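Read off the chains here:
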Amino acid sequence: DVYKRQSIECCMELKVPTISIIIGEGGSGGAIALASSNKVIQLENAIYSVISPEGCASILWKSPENAHLAAEAMCITAENLQKLKLIDELIPEPLGGAHNNPDQAAKLLKEGILKHLKELKFLTNDAIKTDRYKKYRKMGRFDGEIS
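Everything numeric in this text was worked out from a predicted model, so none of it was measured.

S.K.: So what exactly am I meant to see when it comes to the pattern of salt bridges here?
M.R.: Oppositely charged side chains can form a pair if their charged atoms are brought close together. What the rule picks out here adds up to 6 salt bridges. Between Lys135 and Asp88 there is a salt bridge; the shortest N-O distance is 3.4 Å. Taken together, the positions of Lys135 in helix 7 (residues 125-138) and Asp88 in the loop between helix 5 (78-83) and strand 5 (89-91) put the pair 47 residues apart, joining distant regions of the chain. Judged by relative accessible area, which is 29%, Asp88 ranks as partly exposed.

What follows is the structure, encoded as structure tokens:
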């Protein structure tokens, strides 16, 4: 809708670096908005897609019962999304998931954020916008194979 488009356009025009962080489930139009950042980082057990596996299965098989097949085909895991270059970094989680050790998870996430901010802080305002635009335009172009 028009508000999502305007929101994404606004984010693309920002002259400061932006980093999106996926910590749980990023989906729908929000996933597209998250993609408009200079960097997108994701916890290893989080998922990120423009449609839920249930929604995809409902469209493809007319039933949400095949959500597991849709999720596999959509390659929505952090590992696959990194291979597809849709995220810039996969942040490992403590054993058993971030919820089992939030302090350790926050420490790992902080390290990832600071690393990317250090890379971005030397860019001019125009270079920040150009970097974000080029990254966004490359999405969906993949020549490799995900297995």
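S.K.: What's the story with the pairing of strand 1 (residues 19-22) in this structure? I'm lost.
M.R.: In regular strands, side chains alternate between the two faces of the sheet. By the alternation rule, side chains of strand 1 split into Ser20 and Ile22, which are all buried, and Ile19 and Ile21, of which none is buried. Across 4 bridges, the pairing between strand 1 and strand 3 (residues 39-43) is parallel. Within strand 3, the position partnered with Ser20 by the bridge is Val40.

S.K.: How do you make sense of the sheet that holds strand 5 when you look at a structure like this?
M.R.: The pairing of strands in a sheet happens through backbone hydrogen bonds and is either parallel or antiparallel. Strand order in this open sheet of 3 strands is 1-3-5, and the pairing throughout is parallel. The sheet is open, and its two edges are formed by strand 1 and strand 5, each paired on a single side. Neighbour to neighbour, the strand axes of the sheet diverge by 25 degrees on average, direction disregarded. One ladder, built from 3 bridges, connects strand 3 with strand 5; its direction is parallel. Each bridged residue has a counterpart across the sheet, and for Gln42 the counterpart in strand 5 is Leu90.

Scoring rules and cut-offs
- Residues numbered from 1 in each chain as written.
- Predicted model: local features only at pLDDT ≥ 70, side-chain atom pairs only at ≥ 80, totals over all residues.
- Heavy atoms only, no water.
- Salt bridge = Lys/Arg side-chain N within 4 Å of Asp/Glu carboxyl O.
- Helix = DSSP H or I, 4+ residues; strand = E, 2+ residues; numbered from the N terminus.
- Buried < 20%, exposed > 50% of the residue type's maximum accessible area, 1.4 Å probe, protein only.
- Pairing = 2+ DSSP bridges.
- Axes fitted to C-alpha atoms, helices over the stretch in contact; angles between N-to-C directions.

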